[in-house]
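# Observations on the three-dimensional arrangement
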Amino acid sequence: MYAQVVFPAAFRNAFTYNIPVTLSEEVSVGKRVVVPFGRRYRTGFVISLGSSTDVENVKDIKDVLDSYPVFDEDALKFYEWLAEYYISSLGEALKNIVPYGTDIETKKKIVSDPEVVNELLSSDKNNKTLRFKILRILEENPVVQFTRLQKLVGKKNIYSAVNSLESEGIISVLNELGGARVGVKTEKYVELNLPETEIFELLPDLEGKNDKQVHVLLELISKQEKGEAVAVLKKKLGLSDSPINTLAKKGVLKLSEKEVQRTPTEEFAEEHKDVNLTTDQQQVVDEVSNSIKDESFKTYLLQGVTGSGKTQVYIELTKKVLKRGKNVIILVPEIALTPQITGRFINAFGEKVAVMHSRLSLGERYDTWRNIVKGKYSVVIGARSALFSPLKNIGLIVVDEEHDSSYKQNEIVPKYNARDAAIMKGNLESFPVLLGSATPSVESRYNADSGKYKLLRLDKRIDNAKLPEIKLIDVTLEQRKKRMENIFSRDFLDAVHDRLKKDEGVIILQNRRGFATQIYCEDCGEIEMCPNCSVALVHHLHKNILQCHYCGVIKKVPKGCSNCGSIALKFFGTGTQRVEDELDYYFPDIAMERVDSDAINKKGKLGKIFNSFRNGETKILVGTQMVSKGLDFSHVTLVGVVSAETSLWMPDFRADERTFQLLTQVSGRAGRSEKPGLVLIQTRDKNHFVLQQVLKSDYEGFYEREINLRKQSGYPPFTRLCVIEAKDEKLENAAGALKSIYDTLEKIGKGLQIAPPNPAPIERIKGFYRYQIVIKSFRNIDPSGRLLREAVLESYINFRDKSRFRDVRVSIDVDPQSVL
């Protein structure tokens, strides 16, 4: 028997391997195998089996990693679509299904002779070559991993220089088979190996001579044959290993290794409440239930105002799916949303619920994944990667806050959108998909209006709660009237003071991290910029550092201007740290917490903050967009927005849509019970159309204007976009690579609108220059995007085969959320 194996790498071919007799019972479609690949070993996915092959000199599979298949043939069709649509290899798509750190592959190690290296360095006069850099590193690191050497050199393509040094006998390159970074955790257990009657007969002989052994036996007798972890027993009795090992050698005790489950715990908890659905909620549940019963595919768009009880609808639908013996995936865009929604689902479904997100440790993620494979869980909740959990027999996928841009993968290939991928998964596997939002994306609402999705509505808040009153504060006018107190208007501060006096909750939004967003020299106009990126460094007050939010580089706060030396430095712009700092000045005795990625970097911190806020111990939450979505605290009556312009002025076609969504969503955190809510939004552009629609809570008015602008300008949903980006440390290489691709696209891209290569809006990130081509495919000509994908793929393959810039890093992003 032979197996077709694909690898999580850019090449698109499947490779044939022989299945040894010893592994014939273990190898099956959907399992991972370790196989020889060239001079190394790699982990790949088995996608098909056969009894014959035309390939000669077929190598054997070395090992099988999985006890159970991690995907079946139905799931394979989904991953084939994912690879084809987002222009990646099948192996790259399948890589999403397994947790990070579980692959096994050969790792290159470089070994050098320090004396030989020193001789070469002393004789080599050209110290600017790549060869010299490598030798200088090897002088200090005679034994180094290949990947580590790449990082130290600061260059990925060092293969030619390393091969040259190896052929000259200066270094040796060793291939070692490395183990997985994460695996099953075990713990040593001890239990009685004899009946209790025999143990009691032994005790008189041990008393007085070996009291520690007596203590061990009495403790284990009290466990009633359950046994105890050795580490726990030793700590409890204050013992070493010696008495336990002695009794084990005599056959009185039995030592064994038992698996330990690394189960994540949620710090945030809510009391379980019995909820009666409103008439509107019940109508939504009944409508979606028809597709659940029929086991048929249909996409529903649930447009419900903030506080209308969408989460309870998800729970009721999940109950119906589980009754039919099916499973459910609930997708949420932010880790910030998981504590509350997870708590409510655990209250409803207990241990059937698994949580998957990036804040889990490698071990927690691995154990959760293995238990999903084994069928232990029926409900999986998490961010976009939860879509790829190996949950079988799915009856429903819910995509909460479907408009959110974080459903789009921007970092690694394939650059998928989890919302769109969920819909295709439902289509291929015949189950309904429910998209939920108070402010649906323009594309989703258009699909509903055109009949592609079924539009469902919840237009009223539950418990007779009213939508909050929204007011715009004109910062420019307030400054003229001298009514601004640093970054806050007096009305803003008065409203905060009033709510605190009533012991009500306050949420403040500023969608920028750090203290000041720029440091500016008043004498020469110089701004402190990141040395690796085309962006300003952000001042973080608590650590007193400047940090780049793109590459992470950190610098000390300068005492003078780095350009002219002047000490007339001005800290310009406002981040969440500054908001927190100034609120602390005006309200020094009030407990407040900051919710942004800097503040919640410890596991469990977010849940603790939410617990404290819900219990009234914390009075004010200050945060980025993490506080704008999904949070449900009945005592919050005031929401303040420090600056409405943080996203409004971005040079991106979705800027208006994102601003409307963000401000509407954060406004919805106020007044979610009988107490009325107030929203204050500070702005310098009070008459802007978007802000006026937010003021009126008018999604329909915003949508009508936005959809007409998109149609006039040729943007989604009337076109499909693709961005091809080249990155290189040299500007001319990035530009040259895209010129090669552009020339091919111009010849074969009939019906496509292809913009010439241009520098990206943020031209340099992490030391790499960025060039982009933006391609539009009109849906009336190319409804499925097939012409677009074929042209892009052919141009990319031609570039890799023929261009002299083929070593430049090129990425393809179909349906990008942003062109920045």
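The shown structure was predicted, so the numbers you read here are calculated from the model rather than taken from an experiment. (Residues numbered from 1 in each chain as written. Predicted model: local features only at pLDDT ≥ 70, side-chain atom pairs only at ≥ 80, totals over all residues. Heavy atoms only, no water.)

## Remarks on the overall build of the chain
Each helix and strand counted, the chain has 25 helices and 36 strands in total. The C-alpha atoms of the chain give a radius of gyration of 30 Å, which matches the 28 Å a tight globule of 820 residues would have. If one aligns the C-alpha atoms of the chain with their principal axes, the spans along those axes are about 90 × 75 × 65 Å. Across the 820 residues in the chain, those meeting the buried criterion constitute 51%. (Helix = DSSP H or I, 4+ residues; strand = E, 2+ residues; numbered from the N terminus. Rg over C-alpha atoms; globule rule 2.2 N^0.38 Å. Buried < 20%, exposed > 50% of the residue type's maximum accessible area, 1.4 Å probe, protein only.)

## Some words on the packing of aromatic side chains
Taken as a whole and assessed by the stated rule, the structure comprises 30 aromatic pairs. Ring geometry for Phe-11 against Phe-37: centres 5.4 Å apart, planes inclined by 10°, an arrangement best described as stacked. With Phe-11 in the loop between β1 (2-6) and β2 (15-18) and Phe-37 in strand β3 (residues 32-37), this residue pair connects regions lying 26 residues apart in the sequence. Among the aromatic residues, those joined into a cluster by ring pairs are Phe-78, Tyr-79, Trp-81, Tyr-85, Tyr-86, Phe-388 and Tyr-416. In this structure, Lys-62 packs its charged tip against the face of Tyr-41, placed 5.4 Å from the ring centre. (Phe/Tyr/Trp six-rings, centres within 6.5 Å; stacked < 30°, edge-to-face > 60°. Lys NZ or Arg CZ within 6 Å of the ring centre and 35° of its normal.)

## Some details on the sheet that holds strand β24 (residues 538-540)
The three strands lie next to each other as β24-β25-β26, forming an open sheet whose pairing is antiparallel. Sheet topology places β24 and β26 (554-556) at the edges, where each strand pairs with a single neighbour. For this sheet the average axis-to-axis angle between neighbouring strands, irrespective of direction, equals 35°. Examined bridge by bridge, strand β25 (residues 545-547) and β26 share three bridges and lie antiparallel to one another. If you follow Ile-545 over to β26, its bridge partner there is Lys-556. (Pairing = 2+ DSSP bridges. Axes fitted to C-alpha atoms, helices over the stretch in contact; angles between N-to-C directions.)

## Quick look at the pattern of salt bridges
Applying the stated criterion to the full structure yields 42 salt bridges. Among the ionic pairs, Glu-168 bridges to Arg-131, the shortest N-O distance being 3.0 Å. In this pair, Glu-168 sits in the loop between α6 (159-167) and β8 (171-178) while Arg-131 sits in helix α4 (residues 130-140), placing the two residues 37 residues apart along the sequence. In this structure Arg-131 comes out as partly exposed when scored by relative accessible area, which is 24%. The shortest N-O distance in the salt bridge between Arg-786 and Glu-790 comes to 3.2 Å. Pair noted here: Arg-786 and Glu-790 are both in helix α25 (residues 786-802), with a separation of four residues, about one helical turn. Through salt bridges with shared partners, a single ionic network connects Arg-445, Asp-449, Arg-457, Asp-459 and Glu-700. (Salt bridge = Lys/Arg side-chain N within 4 Å of Asp/Glu carboxyl O.)

## A look at the sheet that holds strand β5 (residues 63-64)
Sheet architecture is open: five strands sit in the order β2-β1-β4-β3-β5, paired in antiparallel fashion. Looking along the sheet, the strands with just one partner apiece sit at the ends: β2 and β5. Pairing geometry for β1 and strand β4 (residues 40-50), over five bridges, is antiparallel. Pairing of Val-6 across the sheet is with Phe-45, part of β4.

## Overview of unusual backbone geometry
Of note, the bond from Val-413 into Pro-414 is cis; its omega dihedral lies within 30 degrees of zero at -5°. Looking at the element boundaries, Pro-414 is found in the loop between β16 (394-400) and α15 (418-429). Cis peptide bonds are those with omega within 30 degrees of zero, and the linkage from Pro-716 to Pro-717 qualifies with 15°. Along the chain, Pro-717 turns up in the loop between α23 (699-713) and β32 (719-728). With phi around 55°, Asn-57 is a residue other than glycine that occupies positive phi space. Of note, Asn-57 is situated in the loop between β4 and β5. When its relative accessible area of 74% is taken as the criterion, Asn-57 is described as exposed.

## A few points about the nonpolar core
In terms of nonpolar packing, the biggest core is built from 75 residues, with Phe-71, Tyr-79, Leu-82, Ile-724 and Ile-775 touching the most fellow members. For this core, the element with the most residues is helix α1 (residues 73-85), which contributes eight residues. When near neighbours in sequence (up to four residues on either side) are disregarded, Phe-71 contacts Val-29, Gly-30, Phe-45, Val-46, Ile-47, Leu-76, Leu-94 and Ile-97. Membership of the second largest hydrophobic core comes to 37 residues, among which are Met-626, Ile-681, Leu-691 and Phe-702. (Core = buried A, V, L, I, M, F, W, Y, C linked by side-chain atoms within 4.5 Å. Contact = heavy atoms within 4.5 Å.)

## A look at helix α14 (residues 362-373)
The terminal C-alpha atoms of α14, which comprises 12 residues, lie 17 Å apart, in line with the 16 Å expected from a rise of 1.5 Å per residue. Of all 12 residues making up α14, 10 are buried, and the element is well covered by its neighbours. Where α14 is buried, its residues meet β3, β11 (253-259), β14 (353-356) and β15 (379-382). A positive phi of about 90° marks Gly-375, the residue just after α14. (Expected span 1.5 Å × (residues − 1).)

## Overview of the side chain of Ser-811
Considering the arrangement of structural elements, one finds Ser-811 in strand β36 (residues 809-814). For Ser-811, the side chain forms a polar contact with the side chain of Lys-415, separated by 3.5 Å. Ser-811 has contacts with Lys-415, Val-723, Ile-724 and Glu-725, leaving out every residue within four places of it along the chain. (Polar contact = N/O pair within 3.5 Å; in protein donor to acceptor, adjacent residues only side chain to side chain.)

## Digging into the environment of Lys-223
With respect to the helices and strands, Lys-223 occurs in the loop between α8 (211-222) and β10 (228-229). A C-alpha to C-alpha distance of 8.9 Å links Lys-223 and Glu-191, two positions 32 residues apart in sequence. Not counting residues up to four positions away in its chain, the partners in contact with Lys-223 are Glu-228 and Lys-236. Here Glu-228 takes part through its side chain, which lies 3.4 Å from a polar atom of the side chain of Lys-223.

## Brief notes about the state of the cysteines
In a disulfide, the sulfur atoms of two cysteines are covalently bonded to one another. By the definition in use, this model includes zero disulfides. For the unlinked cysteine Cys-561, the closest cysteine sulfur is that of Cys-524, found at 3.6 Å. (Disulfide = S-S within 2.5 Å.)

## Thoughts on the packing of α4 against helix α5 (residues 146-153)
For the pair α4 and α5, interaxial distance at closest approach is 10 Å and the crossing angle is 115°. In this structure, α4 crosses over α5, and the sense of that crossing is right-handed. Counting all contacts with α4, which are made through Leu-130, Ile-134 and Ile-137, the residues of α5 involved are Leu-149, Leu-152 and Val-153. Taken together, the residues that form the contact of α4 with α5 break down as six nonpolar, no polar and no charged. (Left-handed = near helix turned anticlockwise from the far one by under 90°. Nonpolar A, V, L, I, M, F, W, Y, C, P; charged D, E, K, R; others polar.)

## Some points on the environment of Gly-343
As for its placement among the helices and strands, Gly-343 is situated in helix α13 (residues 338-349). Its relative accessible area of 11% is what places Gly-343 among the buried residues.

## Description of the pairing of strand β9 (residues 186-192)
Note that β9 and β11 share seven bridges and pair antiparallel. Along β11, the bridge assignment pairs Val-190 with Leu-255.

## Notes on the packing of helix α7 (residues 196-206) against α8
The N-to-C vectors of α7 and α8 enclose an angle of 160°; their axes lie 10 Å apart at closest approach. In terms of their interaxial angle, α7 and α8 are classed as roughly antiparallel. Considering the relative orientation of α7 and α8, their crossing is left-handed. In this structure, α7 contributes Glu-196, Ile-199, Phe-200, Leu-203 and Leu-206 to the contact, and α8 contributes Asp-211, Gln-213, Val-214, Leu-217, Leu-218 and Ile-221. Its residues placed into classes, the contact of α7 with α8 shows eight nonpolar, one polar and two charged. (Parallel < 35°, antiparallel > 145°, perpendicular 65-115°, else oblique.)

## A closer look at the pairing of strand β34 (residues 758-765)
Pairing between β34 and strand β35 (residues 768-778): four bridges, direction antiparallel. Counterpart to Pro-759 in the pairing with β35 is Tyr-771. Where β34 folds back on β35, the antiparallel hairpin that results is connected by two residues, among which Lys-766 adopts a positive phi of roughly 55°.

## A short note on a positive patch on the surface
Where like charges cluster on the molecular surface, the positive patch consists of Lys-107, Arg-148, Lys-151 and Arg-181. With respect to the helices, strands and loops of the structure, Arg-148 is situated in helix α5. (Patch = residues over 30% accessible without salt bridge, like charges linked within 9 Å, V, L, I, M, F, W, Y side chains within 5 Å. Areas by Shrake-Rupley, 256 points an atom, 1.4 Å probe, with all protein chains shown as cover. Lys, Arg positive; Asp, Glu negative; His and termini not counted. Charge placed at Lys NZ, Arg CZ, Asp CG, Glu CD.)

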